Amino acid sequence: MPMFGAPFLAACTAAALCTGSPDAATPASSLVLSLTDAGGNTTSVELMCDPAQGTHPQADTACRALERADGDFTRLPAKDQACTMIHSPVLAEARGNWYDTPVDFSTEYPNACFADAQSGGVFSF
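Residues numbered from 1 in each chain as written. Predicted model: local features only at pLDDT ≥ 70, side-chain atom pairs only at ≥ 80, totals over all residues. Heavy atoms only, no water.

**Student:** Can you break down helix α2 (residues 59–68) residue by residue, with the values?
**Tutor:** Looking at α2, one finds that the buried residues are A59, A62, C63, A65 and L66. Seen end-on, α2 carries its buried residues on one side only, within an arc spanning 160 degrees. In the core, the buried residues of α2 are packed alongside β1 (29–37), β2 (42–49), β3 (53–54) and β4 (90–98). D70 sits one or two residues past α2 and shows a positive phi near 55 degrees. (Buried < 20%, exposed > 50% of the residue type's maximum accessible area, 1.4 Å probe, protein only. Helix = DSSP H or I, 4+ residues; strand = E, 2+ residues; numbered from the N terminus. Arc of directions from axis to C-beta. Contact = heavy atoms within 4.5 Å.)

Structure (structure tokens):
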């Protein structure tokens, strides 16, 4: 004899579908991205992927670039974008997690345009 009847199981299934599991609302990745200029001024955004959200102005584009690189910031696809050769270095940093992998990335770009172009839009803010 079953421990629970069909009406009970149907109600539990409906409740789970309506409320979702705790993981349903939790993004697969959560990153804090920052750019620091030579004067020490820092701009930071939050980027969450799967689903794309956060304070990043182009979260969809940034998440797609990270997905293509499998979360590896050293393999981000470059955008075909012209940048000036003005030397105004920025330090780009990413901290958080990409799915179950911790992220602790830091690199310097010649200027903010190069940061955007060389990161496939991840550092476009």
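**Student:** Give a detailed account of the packing of aromatic side chains, specifying residues and quantitative values.
**Tutor:** Centre-to-centre distance and the angle between the planes together describe a pair of aromatic rings. For the coordinates displayed, the defined rule picks out six aromatic pairs. On the numbers, 6.5 Å between centres and 25 degrees between planes, the contact of F105 with F123 is stacked. In this pair, F105 is assigned in strand β5 (residues 101–109) and F123 in the segment after α3 (112–118), connecting sequence segments 18 residues apart. Comparing F105 with F123, the two get one shared label, buried. Given a relative accessible area of 1%, F123 falls into the buried group. One aromatic cluster is present, built from ring pairs that chain together F73, F105, Y109, F123 and F125. (Phe/Tyr/Trp six-rings, centres within 6.5 Å; stacked < 30°, edge-to-face > 60°.)

**Student:** Explain the sheet that holds β1 residue by residue, including any values.
**Tutor:** Sheet architecture is open: five strands sit in the order β3-β2-β1-β4-β5, paired in antiparallel fashion. Two strands in the sheet have a free side with no partner beyond their single neighbour: β3 and β5. Where α2 meets the sheet, its contacts fall on β1, β2, β3 and β4, and the angle it forms with β2 comes to roughly 70 degrees. (Pairing = 2+ DSSP bridges. Axes fitted to C-alpha atoms, helices over the stretch in contact; angles between N-to-C directions.)

**Student:** Talk me through the environment of Y109; I want residue IDs and the actual numbers.
**Tutor:** If you trace the backbone, Y109 turns up in strand β5. Overall, the relative accessible area of 11% leaves Y109 in the buried class. Taking the C-alpha atoms as reference points, Y109 and S119, separated by ten residues in sequence, lie 10.0 Å from one another.

**Student:** Provide a residue-level description of the nonpolar core, including the pertinent values.
**Tutor:** Core analysis: the biggest nonpolar cluster contains 24 residues, and L33, L47, L66, F73, V122 and F123 have the highest contact counts within it. Of all the secondary structure elements, the ones that give two or more residues to this core are β1, β2, α2, β4 and β5. Per-element accounting of this core gives the leading share, five residues, to α2. Excluding its chain neighbours within four sequence positions, the residues that come into contact with L66 are L31, L47, G71, F73, L76, W98 and V122. (Core = buried A, V, L, I, M, F, W, Y, C linked by side-chain atoms within 4.5 Å.)

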